[in-house]
Each structure stands twice: as C-alpha cells, then as structure tokens.
Amino acid sequence: MSATGDVPEGLIWATRGRLWGFRFLLRGGMNDPLLEYERVFGDLSEEPLAWGRGGAQGGLRFPDPRGRRDAAGRVIPHEFVVPSDVADRVGSAAEGRDQVWPLVAGVYANFWDAAEPPADADVCDAFRLDH
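**Brief notes about the side chain of Glu79**
Looking at where Glu79 falls in the secondary structure, it is placed in strand E5 (residues 77–82). Every residue in contact with Glu79, bar those within four places of it in the chain, is listed here: Ile12, Trp13, Ala14, Phe22, Tyr37, Phe41, Leu60 and Arg61.

**Observations concerning the environment of Gly42**
Summarising the element assignment, Gly42 is placed in the loop between helix H1 (34–41) and strand E3 (50–54). Residues Gly42 and Asn110, 68 residues apart in the sequence, show an inter-C-alpha distance of 30 Å.

**Describing the pairing of strand E1 (residues 12–15)**
Every regular strand shows the same layout, with side chains that alternate between the two sheet faces. Of the two faces of E1, the one holding Ile12 and Ala14 and the one holding Trp13 and Thr15 are both buried throughout. As paired strands, E1 and strand E2 (residues 23–27) are joined by four bridges and run antiparallel to one another. For Ile12, the partnering residue across the bridge sits in E2 and is Arg27. Pairing analysis gives four bridges linking E1 to E5, with the strands arranged antiparallel. Residue pairing across strands places Thr15 opposite His78, the latter belonging to E5.

**Side note on the packing of aromatic side chains**
Taken as a whole and assessed by the stated rule, the structure comprises eight aromatic pairs. Seen in terms of ring centroids, Phe62 and Trp101 are 5.9 Å apart; in terms of plane orientation they differ by 90°. Their pairing is edge-to-face. With Phe62 in strand E4 (residues 57–63) and Trp101 in helix H3 (residues 93–111), this pair connects stretches of sequence that are 39 residues apart. Residues Phe62 and Trp101 agree in their burial class; the two are buried. Ring centres of Trp101 and Tyr108 lie 6.1 Å apart, and the angle between their planes is 65°; on these two criteria the pair is classed as edge-to-face. Each member of the pair, Trp101 as well as Tyr108, carries the same accessibility label: buried.

**Comments concerning H1**
Listed in full, the buried residues belonging to H1 are Glu36, Tyr37, Val40 and Phe41. Here the buried residues of H1 occupy an arc of 115° about the axis, which is enough to place them on one side. Against E1, E2, E3, E4 and E5 lie the buried residues of H1.

Rules used in this analysis
Residues numbered from 1 in each chain as written. Predicted model: local features only at pLDDT ≥ 70, side-chain atom pairs only at ≥ 80, totals over all residues. Heavy atoms only, no water. Helix = DSSP H or I, 4+ residues; strand = E, 2+ residues; numbered from the N terminus. Contact = heavy atoms within 4.5 Å. Buried < 20%, exposed > 50% of the residue type's maximum accessible area, 1.4 Å probe, protein only. Pairing = 2+ DSSP bridges. Phe/Tyr/Trp six-rings, centres within 6.5 Å; stacked < 30°, edge-to-face > 60°. Arc of directions from axis to C-beta.

And the structure:
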C-alpha cells in the first residue's frame, strides 16, 4: 500500500469501514487523540459536511466522497482534526475536503472493505509514518 500524498504532522482522522466501527486511523502523533478530537469537535455542527476552528486547529467532517456505506447502510463519515498550517488555508468544509481527502483516499480504499479494522502498524506503513 502507498499513500496518495504526504499527511501533515498532527493530522487526526476518525472514520469507520464497511465492517469495522468508528476509530482513529491517524492519531496526530498522540497515543490517545480523543481529548483533542473532543475539544475540536465539541462545538462543531452535527451536519454531515462541517468545518470549524477549535483554536489553532480545525475540525472537518464530510461524508465519504465515493458514497461508500457501512454494512448497515449508513454513509461513512470522515472526521479530521486539521493542524493549524492546513486549517489556515481552509475557509469551508468543501475546501477542507478538497485539500485533505486526496491525502488519505488511496490508503482508505485499501482498508475500508476489510473484515477487521487496520492495525496501527498497517496504517503507519501505508502512510510511511514512524511506528
């Protein structure tokens, strides 16, 4: 597997697959990104397509651009905590999606239909990140 682009340092990505539940695929270099995720997403709209700043970082949510759904038929959301250097260039959810999705799309295509969620090491390898 190979990445479709270089992911920015500090990017957090939570999503689910066809058969596996919601989880963090990218942790932004943290062991437990949940507190940062909750801080940024705390005031963000619940709309399927959403963008907002949480301090220096941004919160970005959008439905899977390819229309993929999980086994229960639900649209798969992608949620990102976007580091400040990227957030500074984003003015809307659509702009954020257009900037961030190409960085993860190829890797996600390799994992979304798996029976089990990808192991952290597999995600790191796919993005060529240090374990």
